[in-house]
Amino acid sequence: MIMENSKKDRRYRIISTFFVVLPTTFVMSVLSSITDGVFAENWIGDLFKSWFFSLPIVYASVLLLLPVANKITSKILDRKVHL
């Protein structure tokens, strides 16, 4: 039972992270395209190419860094509570 809940929690975390990373990388790709100031003939294609290239990189980075960020945050909050 505990192992099954652990697998469900992990699956939930992975899917939830994906739905945070997906729009975030899209917004960053749009902003990057706008700040470049160069709108080529196929700028929408370039936008989606940039988005699809950055999506797996950011997704993997978030999955790797999120546990570290959670540990640091809990340590900071625990210290503040104990002071």
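Structural data are supplied above this passage.
The notes below deal with the structure included here. From a predicted model like this one, the values you see are computed outputs, not experimental measurements.

Calculation rules
- In this convention, every chain numbers its residues from 1, walking through the sequence in written order.
- Confidence filtering applies because this is a predicted model: local features only for residues at pLDDT of at least 70, side-chain atom pairs given and counted only at 80 or more, and all residues used for totals across whole chains, interfaces and linings.
- Remark: hydrogens and water are excluded; side-chain values derive from all non-hydrogen atoms of the structure.
- Patch definition: residues with relative accessible area over 30% and no salt bridge; like charges joined within 9 Å; nonpolar side chains (Val, Leu, Ile, Met, Phe, Trp, Tyr) joined within 5 Å.
- In short, Shrake-Rupley with a 1.4 Å probe defines the accessible areas, and a residue's cover is counted only from the protein chains shown.
- Salt bridges, as used here, are contacts in which a Lys or Arg side-chain nitrogen is within 4 Å of a carboxyl oxygen on Asp or Glu.
- Counting from the N terminus, the helices are DSSP H or I runs at least four residues long and the strands are E runs at least two residues long.
- Three exposure classes are used, based on accessible area relative to the maximum for each residue type with a 1.4 Å probe and protein chains only: buried under 20%, partly exposed in between, and exposed over 50%.
- Pairs of N or O atoms within 3.5 Å make up the polar contacts considered here, provided that, within protein, one atom can donate a hydrogen while the other can accept it, and that residues adjacent in sequence are counted only when both atoms are side-chain atoms.
- Any two residues whose heavy atoms approach within 4.5 Å at even a single point are treated as in contact.
- Here a pair means two rings of Phe, Tyr or Trp (six-membered ring of Trp) with centres within 6.5 Å. Their orientation is stacked below 30 degrees between planes, edge-to-face above 60, and tilted elsewhere.

A word on a nonpolar patch on the surface. On the surface, a nonpolar cluster with roughly 370 Å² of combined accessible area is contributed by V27, M28, L31 and I34. Tracing the chain through its elements places V27 in helix α1 (residues 2–36). When its relative accessible area of 43% is taken as the criterion, V27 is described as partly exposed.

Attention now goes to the side chain of T17. With respect to the helices and strands, the residue T17 is situated in helix α1. In terms of polar contacts, T17 uses its side chain to reach the backbone carbonyl oxygen of R13, at 2.7 Å. Excluding its chain neighbours within four sequence positions, the residues that come into contact with T17 are Y59, V62, L63 and L66.

Positionally, L47 belongs in helix α2 (residues 43–82). Between the C-alpha atom of L47 and that of V30, which follows or precedes it by 17 residues, the distance is 6.6 Å. With residues near it in sequence (within four places) discarded, L47 still touches F26, S29, V30 and S33.

It is worth spelling out the packing of aromatic side chains at this point. Summed over all chains, the structure comprises seven aromatic pairs. Relative to W51, the ring of F26 lies with its centre 4.8 Å away and its plane at 65°, an arrangement referred to as edge-to-face. Of this pair, F26 sits in helix α1 while W51 sits in helix α2, and the two are 25 residues apart along the sequence. Judged by its relative accessible area of 12%, W51 falls in the buried class. A centroid spacing of 5.9 Å and a plane angle of 45° characterise the contact between F48 and W51, whose relative ring orientation is tilted. Of this pair, F48 and W51 both sit in helix α2, three residues apart, which is roughly one turn of the helix. An aromatic cluster of three or more residues is present, and its members are F26, F48, W51 and F52.

A word on the side chain of S54. For S54, the position within the fold is in helix α2. Residue S54 is classed as buried on the basis of its relative accessible area, which comes to 19%. Apart from the residues lying within four places of it in its own chain, the contact partners of S54 are T25 and S29.

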